[in-house]
Amino acid sequence: MKSAVVLRCPICNAVRALEGRRSKYSKQELYSHVKTHLRGHDLNEPKMAIRKYGIVSDATEIVVLPENHRQLPIEEGTERDDTWLTDGSLSDGEGSLSASESSVETSSL
Ligand SMILES: [Zn+2]
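Below is a short write-up of the structure. Because the structure is predicted, anything quoted here is derived from the model rather than measured. Every chain begins its residue count from 1, and numbering advances along the sequence as written. Totals for whole chains, interfaces and linings use all residues, but because this is a predicted model, local features are given only for residues with pLDDT of at least 70 and pairs of side-chain atoms are given and counted only at 80 or more.

1. Some remarks on the overall build of the protein chain
Next up, step 1: By the criteria applied, helices consist of DSSP H or I runs no shorter than four residues and strands consist of E runs no shorter than two, each listed in order from the N terminus. Broken down by element type, the protein chain carries four helices and four strands.
Next up, step 2: Counting every position in the protein chain, which comprises 109 residues, the buried fraction comes to 20%. To assign burial, the other C-beta atoms lying within 10 Å of each residue's own C-beta are counted, with C-beta atoms placed from the backbone; 20 or more indicates buried, 12 or fewer indicates exposed, and intermediate counts indicate partly exposed.

2. Considerations on unusual backbone geometry
In terms of backbone geometry, most residues other than glycine have negative phi values and most peptide bonds are trans.
Next up, step 1: You will see that Asn 13, though not glycine, has its phi angle at about 70°, which is positive.
Next up, step 2: Among the structural elements, Asn 13 can be located in the loop between strand S1 (2–8) and strand S2 (14–19).

3. Describing helix H1 (residues 27–39)
Next up, step 1: Each residue after the first adds 1.5 Å to the expected span of a helix. Taking 1.5 Å of rise per residue, 13 residues should cover 18 Å, and H1 covers 18 Å from first to last C-alpha, within 8% of that figure.
Next up, step 2: A bend of about 35° at His 33 is the largest found in H1.
Next up, step 3: For H1, the complete set of buried residues consists of Leu 30, Val 34 and Leu 38. At every residue, the bend is computed as the angle between two fitted axes, covering the seven residues ending there and the seven beginning there respectively.

4. Regarding the pairing of S1
The two faces of the sheet receive side chains in turn, since in a regular strand these alternate between them.
Next up, step 1: Burial runs high along S1: five of the seven residues are buried.
Next up, step 2: At least two DSSP bridges between two strands are needed for those strands to be called paired. In this structure, S1 lies alongside strand S3 (residues 60–64), joined through five bridges in antiparallel fashion. Across the sheet, Val 5 pairs through a bridge with Glu 61, a residue of S3.
Next up, step 3: Relative to S2, S1 is paired through five bridges, and the arrangement is antiparallel. Bridged to Ala 4 within S2 is Glu 19.

5. Quick word on the nonpolar core
Next up, step 1: Counting 17 residues, the largest nonpolar core has Ala 4, Val 5, Val 6, Leu 7, Val 15, Ala 17 and Ala 59 as the members making the most contacts within it.
Next up, step 2: Elements supplying a minimum of two residues to this core: S1, S2, H1 and S3. A set of buried residues drawn from Ala, Val, Leu, Ile, Met, Phe, Trp, Tyr and Cys, joined through C-beta atoms within 7 Å, is what defines a nonpolar core.

Right under this line is the structure:
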């Protein structure tokens, strides 16, 4: 199991993943990875300029299964819907990877 840091664009919801633990990256480094993506948005308004730093402060560390690791959107920002990164995996981790036990009707007599 590996760790990855997920950055989510507050403007278009694209996600970008970086390998490693969040503590490995400074905010400056995190921001430098999304800078290129953000350039595609019109961030001239001061309000937007503030929002873009929200990406960094909202960076989430997740645990990645080996089979998912290859699919991390490391190269470029990716539409979140196009990845396996669902809302569940972006919430703060607790139980996000455990399959919810469906209450199967047990008809044991
Ligand atoms: Zn974006």
